[in-house]
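In case you want the letters, here they are:
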Amino acid sequence: MATTLRAIAGMPMIDSLAAALRQISPSAFLRLSPSSCTNARILASPTTTSSYAHQTHAATKKSRTVYSLAPRQFEAAAAECDREVVSVLGIETSCDDTCAAVVTADGRILGEAQVSQANMLVHYGGVVPMLAQELHAQSIDQVVEEALANARMLQTDLSAIAVTIGPGISPCLRVGVTKARSIARVNRLPLIGVHHMEAHALVARLMEHKLHFPFIVLLISGGHNLLLVAQNVGQYVQLGTTVDDAIGEAFDKTARLLGLDLRKGGGPALEEIALQGNPTSFPFAVPMRNQKHCNFSYAGLKNQVRLAIESQKINENAPMSLASAEDRQMRADIAASFQRVAILHLEDRCRRAIDWARKIDPTVSCLVVSGGVASNNVVRTKLGAVTKEHGLQLICPPPRLCTDNGVMVAWAGIEHLRLGIFDPPPHLDEPADAWLDLRPRWQLGEIYAEGVSKARSLKSSGGIPSLTAQVQTLLRKTQ
Ligand code: KG4
Ligand code: ZN
């Protein structure tokens, strides 16, 4: 492909690529930006729908689109074409943030927008699915328009749409996926269904261009704790997951019980007050110290903290601002003690994960830590020390890219696009109530044999194969 392109390099870019792709396959279709011929946005894919793998969803008899892998020539074309002009819109609505962003294949963030539902945490103490869906529906058009306006682009200038299809809250995912499909359908753009947790992991490669596979990943968010070896895009070995609650959930719950101001989020509020507390004042037990695996548990710690708060007679309905100096100090001490132990659990698991990962691949040299809780400064410092101990490099995306955002989804889309993994634009006559491929529970990696397999996310993955299993099946078929 590279030779072909060079051989006709004298032709204008758009003609040159079209000619090259016609040589590969007469059925190839080119998506070229209608806005300019010198600034072609190009994506190639086979037009015949038979090239796309479809799997019948047994229960509903609806067609579930499995990732399609375009022929290798198209990978080459995608890599060879002017990477600067490939731009992907990413849409994220899996939980309580409505996010969109436009990112280019050479890693420039052209535009971003976000509407957060932080008030829901304040009023209801957590995410209420149907209310969250309504709020996403109210914001999605505005957020997408704002991201495009910030990027100074029109929908017609885009090369592809990436959207989170799971894991997450089903009605919330539906809002983003519906919007993404409608833009892709009208503008005849390829679609990439993104795994939310993979997006958290891959965004590290947007920030750190020299981050090569394999690497270890710790993902810590409101709904997940995951330790993985990332072997490639779409290919992960799962070393550990949570057997009950995720660490972010424990931060949020503790912040609420301590009566903290939740408007900026439970985790950030707890981190802030913990700065004033004594982290060794409450001797909470570190979870699962005697269990020699990489799984996590935060339910027990949450319970220990609740008991401590009750025994100190702290009233969660009395805001910090009205508490006495003594009461405030007590709350700060509990917050600091909780945070210390919550992070000690991460440190224990990361140490073991490094040993396991080195058995899987001795060349691993980085630990990526991402997801909302990775924006915590103590987490970063403590895990920085663990990686140093083991001669590894710690890579944490900047805090705004650790919490949910549209950039990570757009970037995950680009990473898949580069491998030729995407779906064709939806049919022009797709009905508004079409069945959607949403994956509220969706495992990312295949479990490492030495791992303990009792974790919640494994039990309830809903029969959907992991992303890794899907991608590996696809790769085997095309070899
Ligand atoms: O990744 P994320 O934005 O959303 C999910 O996918 O869940 O993570 C949100 C979680 C929340 O539980 C939030 O309290 C926590 O990340 N978080 C933090 C901090 N910033 C956000 N936890 C501890 N310290 C922080 N600074
Ligand atoms: Zn997240």
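Residues numbered from 1 in each chain as written. Chains lettered and ligands numbered in written order. Predicted model: local features only at pLDDT ≥ 70, side-chain atom pairs only at ≥ 80, totals over all residues. Heavy atoms only, no water.

Novice: Even after reading the chapter, I still don't get the sheet that holds strand S7 (residues 109-116), so can you show me in this structure?
Specialist: Sheet strands line up and pair through hydrogen bonds in the backbone, either parallel or antiparallel. The strand order across the open sheet formed by five strands is S7-S6-S5-S8-S9, and the pairing between neighbours is mixed. Both edges of this open sheet fall to S7 and strand S9 (191-195), since each of them pairs with a single strand only. Sheet twist, expressed as the average angle between the axes of neighbouring strands with direction ignored, equals 20°. One ladder, built from six bridges, connects strand S5 (residues 87-92) with strand S6 (residues 97-104); its direction is antiparallel. By the bridge assignment for S6, Ser-87 is matched with Thr-104. Helix H14 (residues 406-418) contacts S5, S6, S7, strand S8 (160-166) and S9 of the sheet and is inclined by roughly 45° relative to S6. (Pairing = 2+ DSSP bridges. Helix = DSSP H or I, 4+ residues; strand = E, 2+ residues; numbered from the N terminus. Axes fitted to C-alpha atoms, helices over the stretch in contact; angles between N-to-C directions. Contact = heavy atoms within 4.5 Å.)

Novice: Would you mind going over the site of ligand 1 with me for this structure?
Specialist: Taken together, 19 residues form the shell around ligand 1, and within it Gly-222, Asp-252, Glu-271, Gly-372 and Asp-404 come nearest. In the model, an oxygen atom of ligand 1 is placed 3.0 Å from a nitrogen or oxygen of the Gly-267 main chain. Contacts to ligand 1 include Val-373, whose backbone N or O atom sits 3.5 Å from an oxygen atom. Against a free-state accessible area of 550 Å², the protein chains account for coverage of 89% of ligand 1. When contributions to the shell around ligand 1 are tallied by element, the ones reaching two or more residues are helix H7 (196-207), helix H8 (247-257) and helix H9 (266-274). Split by residue class, the shell around ligand 1 holds four nonpolar, 12 polar and three charged. (Near = heavy atom within 4 Å. Polar contact = N/O pair within 3.5 Å; in protein donor to acceptor, adjacent residues only side chain to side chain. Areas by Shrake-Rupley, 256 points an atom, 1.4 Å probe, with all protein chains shown as cover. Nonpolar A, V, L, I, M, F, W, Y, C, P; charged D, E, K, R; others polar.)

Novice: What's the story with the sheet that holds strand S13 (residues 366-370) in this structure? I'm lost.
Specialist: With mixed pairing, six strands are arranged side by side in an open sheet as S14-S13-S10-S11-S12-S15. Among the strands making up the open sheet, the edge pair consists of strand S14 (393-395) and strand S15 (446-447). Against the sheet, H7 touches strand S10 (215-220), strand S11 (225-232), strand S12 (235-241), S13 and S14, its axis set at about 130° to S10. In this fold helix H12 (residues 377-389) packs onto S10, S13 and S14, with an angle of close to 155° to the strand it touches most, S14.

Take it as geometry only, folks, not as evidence of what the structure does.
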